[in-house]
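# Results of the structural survey
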Amino acid sequence: MRTLVLTLALLLGACSSAPALKDDRGQSLIGASQVYTLTNLHADPQRKRLFAVNYQQSDLIPLCTEVKLLDLSAKRLQFTSTHNNVTYDYFYHKKAAAEPFDAHLKRYFGTSCNKAEVKALSKADQEGISTGKVKEGMTKKGVILAAGYPPSHVTPSTDANEWTYWKSRYDRLIVRFNDAGIVDSIQD
């Protein structure tokens, strides 16, 4: 009987589809104190949702906002922002993220946020980050902090000089960089 129970427990653990979101020390980020956004996040203001495709919605959750990660499943992370005390659902899309959900989330949530890094960026970068909008003159790093990572299914590499973001299911934002990695045009 003990062997059967142990076997079932192992099988259930192997079949669990919820990713393990852990920090660099192996500690779970779910329920942890001091978890922060590593880029600006753009949520749907009515539905309180975000998506791995990184729609550029109007509800801005600023870079370095402290959040409480509440629940994680194979396709959804639920968290509360201390910025506005609102609970959000972050939905995973395998095609858009092009990486496992836990790896994707580690690019957006972490146990520390480097505010000094932002202060060292250009004025154009700082303005874009504070508004959550891409602006001409920003660096690639500044764009990532302001708008998040472009979805991999339309921008396979951030080394490219053209990044595509989705504003909605049907509307795109295309950011073009010059050879020095500075935004020189935006197709809105």
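Look a little higher up for the structure.
This structure is a prediction, so every number in the text was calculated from the model and none was measured.

Thresholds, definitions, all that
Residues numbered from 1 in each chain as written. Predicted model: local features only at pLDDT ≥ 70, side-chain atom pairs only at ≥ 80, totals over all residues. Heavy atoms only, no water. Helix = DSSP H or I, 4+ residues; strand = E, 2+ residues; numbered from the N terminus. Areas by Shrake-Rupley, 256 points an atom, 1.4 Å probe, with all protein chains shown as cover. Buried < 20%, exposed > 50% of the residue type's maximum accessible area, 1.4 Å probe, protein only. Pairing = 2+ DSSP bridges. Axes fitted to C-alpha atoms, helices over the stretch in contact; angles between N-to-C directions. Arc of directions from axis to C-beta.

### Description of the overall build of the chain
Helix and strand content of the chain: six helices and 11 strands. Of the roughly 10,300 Å² that the chain leaves accessible, carbon and sulfur atoms contribute 51%.

### Quick notes on the pairing of strand S9 (residues 162-166)
Across the five residues that make up S9, a large majority, four, are buried. With five bridges connecting them, S9 and strand S10 (residues 172-177) associate as antiparallel partners. Across the sheet, the residue bridging to Thr 164 is Ile 174, located in S10. What sits between the antiparallel neighbours S9 and S10 is a turn of five residues.

### Overview of the sheet that holds S9
The strand order S9-S10-S11 describes an open sheet built from three strands, whose pairing is antiparallel. Edge positions in the open sheet fall to S9 and strand S11 (183-187), since each of these has one partner strand only. Sheet twist, expressed as the mean angle between neighbouring strand axes with direction ignored, is 20°. Relative to S11, S10 runs antiparallel, the two being bridged by four bridges. Residue pairing across strands places Val 175 opposite Ile 186, the latter belonging to S11.

### A few points about helix H5 (residues 123-131)
At 3.6 residues per turn, the α-helix brings residues three or four places apart onto the same side. Within the span of H5, buried status applies to Asp 125, Gly 128 and Ile 129. Viewed along the axis of H5, the buried residues span an arc of 100°, placing them on a single side of the element. In H5, those exposed residues whose orientation departs by more than 90 degrees from the buried face are Lys 123 and Ser 130. Positioned one or two residues after H5, Gly 132 has a phi angle of 75°, which is positive.

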